[in-house]
Amino acid sequence: GNNYRRLGDSHPLIVASLYLQGEYKTGRITLIAGLRIEDMNDFTIEANDPSATSNLVTAPLQTSIKNTSTVFIPRGALLYSIDDHSVLKLLYGQATKRPSFGNYTDASTLKPSTIQTFELNYIRELPSGILLNGSIYHNSLDNLINRFSSVDMNGNSVYQSDNAGKVITTGIELGFQISSQNNRLRADFSSSVNIADDKTIYSGYSQSLAGEIDPDAQLPYSPSWLGYGKISYEIAT
């Protein structure tokens, strides 16, 4: 009952970020470019020694978490206005998710999760008030972080975190929006389908409680088809 994991008193966890974005427009073409720079300091996790005779008086065990490196996260968009009612967009983006403090307490060598996205998007506004939206996308996710539990020989729950997988998806997304003349009634519907995907799963997702690897394990919460719908009505202004 005296087990603990905590941030070292003299080693605060600080993540600092800087955002930059610029836009250039000429005629029907708009170019947008952005960059996020993120850095995290080194810090220490303190934990008691559960094997000690008195957990309250022994010096805490210390684990140093080293900053992997400064992260540069770019984004960009090229927009072309075909006419006053339609736009073609070419989009690129990256994102990084660092392990949480809880993940670090399980494994000090975890790598940040990353994603790269490419998207070709077309939007068309029809005179009838219908907005059409279509996209072709390609996403690449790597070093996905998973936290899972198992039971040791003594019946105790053991929690572990690891970089558990990689996902590459290519798909199509179609949607449309319908609005009434007074814009009080609105309906949105969209659907995306992965036409090709590669989901590589490592130990975190495929390891059973007995430590055996399941070669047929599937990445959870990652369906190949998604549908979305919403209808709203503004009762009063």
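Residues numbered from 1 in each chain as written. Predicted model: local features only at pLDDT ≥ 70, side-chain atom pairs only at ≥ 80, totals over all residues. Heavy atoms only, no water.

1. Examining the overall build of the protein
- Within the protein one finds two helices and twelve strands.
- The order of α-helices and β-strands along the protein, N terminus first, is β-β-β-β-β-β-β-α-β-β-β-β-α-β.
- Taken over 237 residues, the protein has a buried fraction of 24%.
- Put simply, 59% of the contacts in the protein that link residues at least 6 apart link residues at least 24 apart.
- As displayed, the protein has an accessible area near 15400 Å², and 55% of this comes from carbon and sulfur atoms. (Helix = DSSP H or I, 4+ residues; strand = E, 2+ residues; numbered from the N terminus. Buried < 20%, exposed > 50% of the residue type's maximum accessible area, 1.4 Å probe, protein only. Contact = heavy atoms within 4.5 Å. Areas by Shrake-Rupley, 256 points an atom, 1.4 Å probe, with all protein chains shown as cover.)

2. So, the pattern of salt bridges
- Under the counting rule described, the total for this entry stands at four salt bridges.
- A salt bridge links Arg6 to Glu46; the nearest nitrogen and oxygen atoms lie 3.2 Å apart. Separated by 40 residues along the polypeptide, Arg6 in strand S1 (residues 5-7) and Glu46 in strand S4 (residues 43-47) bring together distant segments of the chain.
- With a shortest N-O distance of 2.5 Å, Arg36 and Glu38 are connected by a salt bridge.
- Each of the salt bridges in this network shares a partner with another, and the network as a whole consists of Arg36, Glu38 and Arg98. (Salt bridge = Lys/Arg side-chain N within 4 Å of Asp/Glu carboxyl O.)

3. Brief notes about the pairing of strand S8 (residues 113-125)
- Bridge count between strand S7 (residues 86-97) and S8: twelve bridges; the pairing is antiparallel. Within the sheet, the bridge partner assigned to Lys89 lies in S8 and is Asn121.
- The pairing of S8 with strand S9 (residues 130-151) spans twelve bridges and is classified as antiparallel. Of the residues in S9, the one forming a bridge with Thr117 is Asn139.
- Hairpin remark: S8 followed by S9, antiparallel, with four residues in the connecting loop; positive phi at Gly129, about 90°. (Pairing = 2+ DSSP bridges.)

4. A few points about the pairing of S4
- For S4, the tally of buried residues reaches five of five residues, placing the bulk of the element in the interior.
- By the alternation rule, side chains of S4 split into Phe43, Ile45 and Ala47 and Thr44 and Glu46, which are all buried.
- Sheet topology note: the S1/S4 ladder contains three bridges and is antiparallel. Across the sheet, Arg6 pairs through a bridge with Glu46, a residue of S4.
- Note that S4 and strand S5 (residues 61-65) share five bridges and pair antiparallel. Residue pairing across strands places Ile45 opposite Thr63, the latter belonging to S5.

5. A closer look at the side chain of Glu38
- Looking at the element boundaries, Glu38 is found in strand S3 (residues 29-40).
- Residue classification places Glu38 among the buried positions, given a relative accessible area of 4%.
- Here Arg98 takes part through its side chain, which lies 2.7 Å from a polar atom of the side chain of Glu38.
- Once residues within four sequence positions are removed from consideration, Glu38 is found in contact with Val15, Ala16, Ser17, Ser69, Thr70, Val71 and Arg98. (Polar contact = N/O pair within 3.5 Å; in protein donor to acceptor, adjacent residues only side chain to side chain.)

6. Some points on the packing of aromatic side chains
- Using the criterion set out here, one finds three aromatic pairs in the structure.
- Seen from their ring centres, Tyr92 and Phe118 are 4.8 Å apart, and the 45° between their planes marks the pair as tilted. Of this pair, Tyr92 sits in strand S7 while Phe118 sits in strand S8; the two residues are 26 residues apart in sequence, bridging distant segments of the chain.
- On the accessibility criterion, Phe118 (40% relative accessible area) is partly exposed.
- Ring geometry for Phe176 versus Phe189: centroids 5.5 Å apart, planes at 35°, classification tilted. (Phe/Tyr/Trp six-rings, centres within 6.5 Å; stacked < 30°, edge-to-face > 60°.)

7. Observations concerning the nonpolar core
- Judged by nonpolar contacts, Met40, Phe43, Ile45, Ile65 and Tyr104 together constitute the single largest core of five residues.
- Met40 has contacts with Leu13, Ile14, Val15, Asn67, Arg98 and Tyr104, leaving out every residue within four places of it along the chain. (Core = buried A, V, L, I, M, F, W, Y, C linked by side-chain atoms within 4.5 Å.)

8. Some thoughts on the sheet that holds S4
- Strand order in the open sheet formed by three strands is S1-S4-S5, and the pairing between neighbours is antiparallel. A single partner strand is all that each edge strand has here, and the edge strands are S1 and S5. Put simply, the sheet's adjacent strands are angled 30° from each other on average, direction ignored. (Axes fitted to C-alpha atoms, helices over the stretch in contact; angles between N-to-C directions.)

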